[in-house]
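# Structural description and commentary
The chain contents come next:
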Amino acid sequence: MTSVLGVDCSTSTGWCFFQSAGASPKFGTNKLPKSWSHEDYSPRFKAHHDWLADAITMFQPDIIAMEGPYIPRGSSSQFSTEHTLRLLIGLATITELVAKLREVKCYEINVSSAKAFFTGNGRAEKRDMVAEAWRRGWEVGDDHQADAIAVACVVFDMLEGD
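Residue indices begin from 1 for each chain and proceed along its sequence in written order. Thresholds applied to this predicted model are a pLDDT of at least 70 for local features of residues and 80 or more for the giving and counting of side-chain atom pairs; totals over whole chains, interfaces and linings are not thresholded and use all residues. Excluded from the side-chain calculations are hydrogens and water; all other atoms, namely the structure's heavy atoms, are used.

## Observations concerning unusual backbone geometry
Note on backbone geometry: most residues besides glycine have negative phi, and most peptide bonds are trans. For Q60, which is not glycine, the phi dihedral falls at a positive 55°. With respect to the helices and strands, Q60 occurs in the loop between α1 (42-59) and β4 (63-67). Despite not being glycine, E103 shows a phi value in the positive range, around 60°. Along the chain, the position of E103 falls in the loop between α2 (82-101) and β5 (105-109). Only DSSP runs of H or I reaching four residues or more are called helices, and only runs of E reaching two or more are called strands; each is numbered from the N terminus.

Right, here's the structure in full:
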């Protein structure tokens, strides 16, 4: 049985843990400390590092499934500042680093791929992701938790195909 820790990295990091593919997940949201400075990301990066290291110790996952940071391309209707991009890429990098240091395999899952797999629509809205989690019997508290569940489900599907 393969266990998966799903992670949706952001200032409100959604997470889920599946003991196995057929198990009901545990899930929650880890809020990073507020920062009013775009010059110093280190408090948030350290908080994410410490939280993830503790989650790995607690759950002992075989795999971490991480939602890849959203990088706008072309004429995107969604606006992201350079600061938001730096933060999201940094959190993804820290996730991969902590996984490597703890010898846990880490898969990065594209946002659209996770949405398409989970809801059938690669452009699903936040409310659609939450609704799908609830439809499956997982009463998530926010879209971050739903996104974490979606990336974990994608990884289980990938493993099933191997």
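## Looking at the pattern of salt bridges
One side-chain nitrogen of Lys or Arg within 4 Å of one carboxyl oxygen of Asp or Glu is enough to make a salt bridge. Inspection of every chain in the model, using the stated rule, returns four salt bridges. Note that D143 and K126 form a salt bridge whose closest N and O atoms lie 3.5 Å from each other. Of this pair, D143 sits in helix α5 (residues 143-161) while K126 is found in helix α4 (residues 126-135), placing the two residues 17 residues apart along the sequence. Relative accessibility under 20% of the residue-type maximum defines a buried residue, over 50% an exposed one, and the middle range a partly exposed one, all with a 1.4 Å probe and only protein chains included. Judged by relative accessible area, D143 falls into the buried class, the value being 15%. On the basis of relative accessibility, which here comes to 54%, the residue K126 falls in the exposed class. What emerges from the salt-bridge pattern is a single network uniting E132, R135 and R136.

## Here's the deal with the pairing of β4
Burial within β4 is extensive, with five of its five residues counted as buried. Here β4 shows two buried faces, one formed by I63, A65 and E67 and the other by I64 and M66. Where strand β1 (residues 4-8) lies against β4, four bridges are found, and the strand directions are parallel. Note that in β4 the partner of V4 across the bridge is I63. Note on pairing: two strands pair once DSSP finds at least 2 bridges between them. For β4 and β5, the ladder comprises five bridges, and the chain directions are parallel. If you follow I63 over to β5, its bridge partner there is K105.

## Let's talk about the sheet that holds β1
With respect to topology, five strands assemble into an open sheet ordered β3-β2-β1-β4-β5, the strand pairing being mixed. This sheet does not close on itself; its edge strands, each paired only once, are β3 (26-31) and β5. For this sheet, the mean inter-axis angle between neighbouring strands, taken without regard to orientation, is 20°. As judged from the six bridges shared by strand β2 (residues 12-18) and β3, these two strands associate in the antiparallel manner. Directly across from W15, in β3, lies its bridge partner G28. Lines are fitted to the C-alpha atoms to define the axes, a helix being fitted only along its stretch in contact, and any angle between axes, read from their N-to-C directions, falls within 0 to 180 degrees.

## Considering the environment of Q145
Residue position: Q145 is located in helix α5. Given a relative accessible area of 8%, Q145 falls into the buried group. Taking the C-alpha atoms as reference points, Q145 and F156, eleven residues apart in sequence, are found 17 Å from one another. Note on contacts: a residue pair qualifies if any of its non-hydrogen atoms lie within 4.5 Å across the two residues. Setting aside chain neighbours within four positions, we find Q145 in contact with G14, F27, G28, T29 and V140.

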